[in-house]
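The lines below spell out each chain.
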Amino acid sequence: MIFTNKSLFASLTPLTLFLVLIGCSSQQPNAVNTVNPTKTATPSPTAAATQTPVTSFLPTTANPSPTATATTLMVTHSKSDYMSFLDPASGRMEKLVVGTAPFALAEGPNHRAYVSTAEGVAVIDTKLRTRIALVPYQANVGKPRFGEYRSGGMGIAVSPDGKFVYVGVYLDGGKSQLEILDSEKLAMTGRVPVGVRPFDVVTSLDGREVYSIDHDGYTVTAVDPFTLKGRTLEAAPFGKGGFEKPHYAAVRADGRLLLPYQGRGLVVLDPKSGSYTTEPLTGNTHQEGVTLTPDGKQLLIVGIGSAGSATGKPNLTILDANTYKEKIIPLARMHQMVASSADGRYAYLTGGVTYADTGWNGITVVDLSAGTTREFELPDYPLDVQLLTNN
């Protein structure tokens, strides 16, 4: 097994953006963690179809990259109540109000996207750039608030056929749960207990299982969305305790889950058997967001820097998903999530790191071949980022 580390870094002049920060309120959480396969949540008035105005912003300076002009990114702004549609070449963004403290988003078919917020799941028409509904959770998540430990939706995924949306709901003071949204009825139709703080939710390639990445449980919960039964899979290659926790996962073409830990090891988990192997990593950084390039060949892993057993600086690991050969690109700042361009040439990293409020207001664009970087400002702690594939 061969590992190579190549450091090449260049930072260009940032773009500038300005947006007023929206305040936050306190919460009164009420944990619910029972399985209820028959109850259908009645949407609140906020779940009715709405036409939310879209506001456009244009930076005062621009440094466009001609190769990225056709790219549109969807971004959640975790310290406010909106997502944005972003052109990473010019920095132009279109703001769409979705709900308090948006965390993650997932794209589905038929110009739909879904955003997990502190209030419910926002259903988005990506063609019209409007919010169709805000569907409340079955759990009582209390008054919406902001921050790393706010109750409400975290990881989110759409079934391959687009009929269901799965969202991990963190319940302060109790176990979290996976809730199931019927995309036609626009109502929650089931819930299953999972581990604590489900940072990420992904589905199997055939859609028959859903996987909750349980950050504070050091586990992965495999859920059968049809029977509403879950299996707890251990995912603690360096033991339980400290910062050696699972964060985000990618599903490889063979169905195995890829989960990085601390720039020290990559867990390759077979969800059918529950067994895993640990491949060595050398990034020596607290690793967060991951994504596969569209061809499935490379895994992009964001490292925020030193924490616990990781003592290195922020970086981006480009990992061959099959041979595990590494290329590591140093970064000047911390980042949380990552998306790939459609051609696999660029990575887009968000600065809104949730850990101890250590993030920044911006995005970094990385040229994966040259190893160069370009930063620009983006307000209100941009957290999740996804490539819009169905314009």
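Rules used throughout
Residues numbered from 1 in each chain as written. Predicted model: local features only at pLDDT ≥ 70, side-chain atom pairs only at ≥ 80, totals over all residues. Heavy atoms only, no water. Helix = DSSP H or I, 4+ residues; strand = E, 2+ residues; numbered from the N terminus. Buried < 20%, exposed > 50% of the residue type's maximum accessible area, 1.4 Å probe, protein only. Areas by Shrake-Rupley, 256 points an atom, 1.4 Å probe, with all protein chains shown as cover. Pairing = 2+ DSSP bridges. Axes fitted to C-alpha atoms, helices over the stretch in contact; angles between N-to-C directions. Salt bridge = Lys/Arg side-chain N within 4 Å of Asp/Glu carboxyl O. pLDDT = per-residue confidence, 0-100. Contact = heavy atoms within 4.5 Å. Phe/Tyr/Trp six-rings, centres within 6.5 Å; stacked < 30°, edge-to-face > 60°. Lys NZ or Arg CZ within 6 Å of the ring centre and 35° of its normal.

Our next topic: the overall build of the protein. Secondary structure summary: the protein contains 0 helices and 29 strands in total. Here the protein holds 391 residues, and 60% of them are scored as buried. For the protein, the exposed area adds up to about 14,800 Å²; of that, 52% sits on carbon and sulfur atoms.

Now for the pairing of strand β23 (residues 315-320). Within β23, 5 of the 6 residues are buried, which leaves the element mostly enclosed by the surrounding structure. Two elements, strand β22 (residues 298-303) and β23, share 6 bridges in a ladder whose sense is antiparallel. Its bridge partner being in β23, V302 is matched across the sheet by L316. As judged from the 5 bridges shared by β23 and strand β24 (residues 326-330), these two strands associate in the antiparallel manner. Bridge pairing in β24 places L319 opposite E326.

Another aspect to go through is the sheet that holds strand β14 (residues 210-214). Whenever strands of a sheet pair, they do so through backbone hydrogen bonds, lying parallel or antiparallel. The sheet built from 4 strands is open, its strands ordered β13-β14-β15-β16 with antiparallel pairing. Looking at strand neighbours, the two that pair on one side only are β13 (198-203) and β16 (229-234), the edges of this open sheet. Pairs of neighbouring strands in the sheet enclose a mean axial angle of 20°, with direction left out of account. Judged from the 5 bridges that link them, β13 and β14 form a sheet pairing that is antiparallel. Bridge pairing in β14 places T203 opposite V210.

For the rest of this paragraph, the subject is the pattern of salt bridges. Side-chain pairs of opposite charge can arise whenever the charged atoms involved come near each other. A full pass over the atoms with the stated rule returns 13 salt bridges. Its salt-bridge partner being R129, residue E94 comes within 3.2 Å of it at the nearest N-O pair. Highlighted residues: E94 in strand β4 (residues 93-97) and R129 in the loop between β7 (120-125) and β8 (130-136), separated in sequence by 35 residues. With a relative accessible area of 21%, E94 lands in the partly exposed category. Salt bridges sharing partners connect three or more residues here, namely E148, R197, D216 and K245.

Looking now at the confidence of the model for the protein. The predicted coordinates ought not to be read in detail in places where the model reports low pLDDT. Put simply, the protein has an average pLDDT of 86, and 82% of its residues get 70 or more. Per-element mean pLDDT across the protein ranges from 47 in strand β1 (residues 54-57) up to 99 in strand β6 (residues 112-116). In the model, residues 1-53 has pLDDT below 50 throughout and makes 163 contacts with residues more than four positions away in sequence or in other chains. Low pLDDT, under 50, characterises residues 55-69; the stretch is placed with 40 contacts to residues that sit more than four places away or in other chains.

Before going further, it helps to examine the packing of aromatic side chains. Per the counting criterion, the structure on display carries 3 aromatic pairs. Relative to F199, the ring of F103 lies with its centre 6.1 Å away and its plane at 75°, an arrangement referred to as edge-to-face. One end of the pair, F103, is in the loop between β4 and β5 (105-108); the other, F199, is in strand β13, and 96 residues separate them in sequence. According to the relative accessible area criterion, F199 is buried, its value standing at 3%. Between F243 and Y355, the ring centres sit 5.7 Å apart and the planes meet at 90°, which makes this aromatic pair edge-to-face. Taken as a pair, F243 in the loop between β16 and β17 (250-251) and Y355 in the loop between β26 (346-350) and β27 (362-367) lie far apart in primary sequence, 112 residues in all. The exposure class assigned to F243 is partly exposed, which follows from its relative accessible area of 30%. An aromatic cluster of three or more residues is present, and its members are F103, F199 and Y248. Above the face of the Y381 ring, K79 is positioned so that its terminal group lies 4.0 Å from the ring centre. Between the NZ or CZ atom of R333 and the centre of the ring of W360, over which it lies, the distance is 4.1 Å.

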